[in-house]
Amino acid sequence: MRKLVSCCVLVSLFFPLPADAQVTPAPGGTQATPAETPAEATIIVQRRAMRFLDPVKYQAHLKIMPSQYIQIIAPRDGVITDVSVEPGRKIESRTEMFRFEAAEEELLVKEAQAELALEKLKLSQAQSAEAKALAEAAIAIAETRVALAELRRERSSVRTEREAVVYRVYAVPREFVTKNQVLAETGIPDVMQVEIPMRRSEAVKGNTVTITVEDREIDAKVAQVFPASKAFEPLHDIYDSLVSARLEIDNKAGNFEAGQTVYVPLIPRDYVTEVPNASIAAAEEGVRKIQVLRDLVVRDIEVKVLAPIGAAESFVSGKFEEGDELIVSSSVTLADGTLLSHETIPSAQTKSGTGPATNTSPTRTPGGF
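Summary of the structure given here. Owing to the predicted nature of the structure, the values given are computational and were not obtained by experimental measurement. (Residues numbered from 1 in each chain as written. Predicted model: local features only at pLDDT ≥ 70, side-chain atom pairs only at ≥ 80, totals over all residues. Heavy atoms only, no water.)

Turning to the overall build of the protein, a few remarks are in order. In terms of regular secondary structure, the protein is built from two helices and 25 strands. Split into buried and exposed, the 369 residues of the protein put 38% on the buried side. In the protein, of all internal contacts separated by at least 6 residues, the share reaching a separation of at least 24 is 75%. By element, 51% of the accessible surface of the protein is carried by carbon and sulfur atoms, the whole surface being about 20,900 Å². (Helix = DSSP H or I, 4+ residues; strand = E, 2+ residues; numbered from the N terminus. Buried < 20%, exposed > 50% of the residue type's maximum accessible area, 1.4 Å probe, protein only. Contact = heavy atoms within 4.5 Å. Areas by Shrake-Rupley, 256 points an atom, 1.4 Å probe, with all protein chains shown as cover.)

See below:
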């Protein structure tokens, strides 16, 4: 794992509060409950700068597809005369999908059949044992030629081997195609599959994992585990031990369709940063949160904990903004939306020198790192 390079320092903010001081919420924030602070008491807030990893570099389009996805290819060169399938159609086994122009193949069959009839006639006229043996050998050769000509004629019709759904059709009537050219794509959707990134310790063949298919959570079975694919390599910035897992989804009921998008927790969709574990607090219904200072306003940010960094810190993702500063600790509870008066914030001494106690630049949306 490549740990974020930390160039930030902790800064303590001291907020002297007179006896009649009020802690006011920012517009859109929740009303803060002022701490019961004696006159001339001081609130001490430790903060540190935050650096973000752009989630765009970690994105990989995950989608479910039939576990048996079959390309229909042209068996020979030729002109397509008929296309009898269309995308979205379910077809039965041995359904004809494409027909080639087959005038030449029909003539070859007739020629081979005529040669066979001729050899049989010669056998009927043979007198000696030697002549009969030669005629029988010629008949065997002619029968082989008939079978070969019929096989070539059969290749003028492209059929599916079993029941399937047609997803794409690439050929049209009167088009000349070459041998092995892809004509269509079909699949057997009884079992769907998707490849996702997983932690090595959790990717166990046969285990059941929860994924999100568009807007619904479902269970899928780990069918195969193998080294992380190239699309998931950037995630090694965050996770030490990563693999790819092929999941299978039972779809006999037809609840899922090919191409539906899959979301997994390991791929962050918001900005990623590194925070001390002590700054992560529990919110409602098991949600985790941290507090940041955003232009002198305290904000609760819901986060997803992605991976530990040693024993003291973790990578988290959340809806952060450039200029946010992490509130590491505070001497009193600060409610979301609490506005801290700029006039009351003095400069503070830090280990790296003297500097302003807060960032007063306007909020910006991150556009890169």
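What follows is about the pattern of salt bridges. Within the structure shown, the criterion is met by 22 salt bridges. Here Arg 48 makes a salt bridge to Glu 313, at a shortest N to O gap of 3.3 Å. In this pair, Arg 48 is assigned in strand E3 (residues 41–49) and Glu 313 in strand E21 (residues 313–318), connecting sequence segments 265 residues apart. Judged by its relative accessible area of 13%, Arg 48 is buried. For Asp 250, the salt bridge goes to Lys 252, with nearest N and O atoms at 3.9 Å. The pair formed by Asp 250 and Lys 252 is uniform in burial state, with each residue classed as exposed. (Salt bridge = Lys/Arg side-chain N within 4 Å of Asp/Glu carboxyl O.)

On to the side chain of Glu 185. In this structure, Glu 185 sits in strand E12 (residues 182–199). Take Glu 185: its relative accessible area is 11%, and that puts it in the buried class. One polar contact links Glu 185 to Tyr 170, side chain to side chain, over a distance of 3.2 Å. Residues contacting Glu 185, with those up to four places away along its chain left out, are Tyr 69, Ile 70, Gln 71, Val 165, Val 166, Tyr 167, Arg 168 and Tyr 170. (Polar contact = N/O pair within 3.5 Å; in protein donor to acceptor, adjacent residues only side chain to side chain.)

On to the environment of Val 166. Among the secondary structure elements, Val 166 is positioned in strand E10 (residues 164–169). Residues Val 166 and Ile 70, 96 residues apart in the sequence, show an inter-C-alpha distance of 9.5 Å. Beyond its immediate chain neighbours, meaning those up to four positions away, Val 166 contacts Val 85, Glu 86, Pro 87, Gly 88, Arg 89, Ile 91, Met 97, Glu 185 and Thr 186.

The next subject is the pairing of strand E19 (residues 288–294). The element E19 is largely enclosed, with a buried count of five among its seven residues. Here strand E18 (residues 281–282) runs beside E19; their pairing, made up of two bridges, is antiparallel. For Ala 282, the partnering residue across the bridge sits in E19 and is Arg 288. Of the pairings in the sheet, the one linking E19 to strand E20 (residues 297–309) comprises seven bridges and is antiparallel in character. Residue pairing for E20: Lys 289 is matched across the bridge by Glu 302. Once E19 ends, the chain turns through two residues before running back antiparallel as E20, passing Asp 295 with a positive phi of about 50 degrees. Where E19 and strand E22 (residues 325–330) come together, two bridges link them in antiparallel fashion. The residue bridging Val 292 from the neighbouring strand is Leu 326, located in E22. (Pairing = 2+ DSSP bridges.)

Just distances and angles here, no functional claims.
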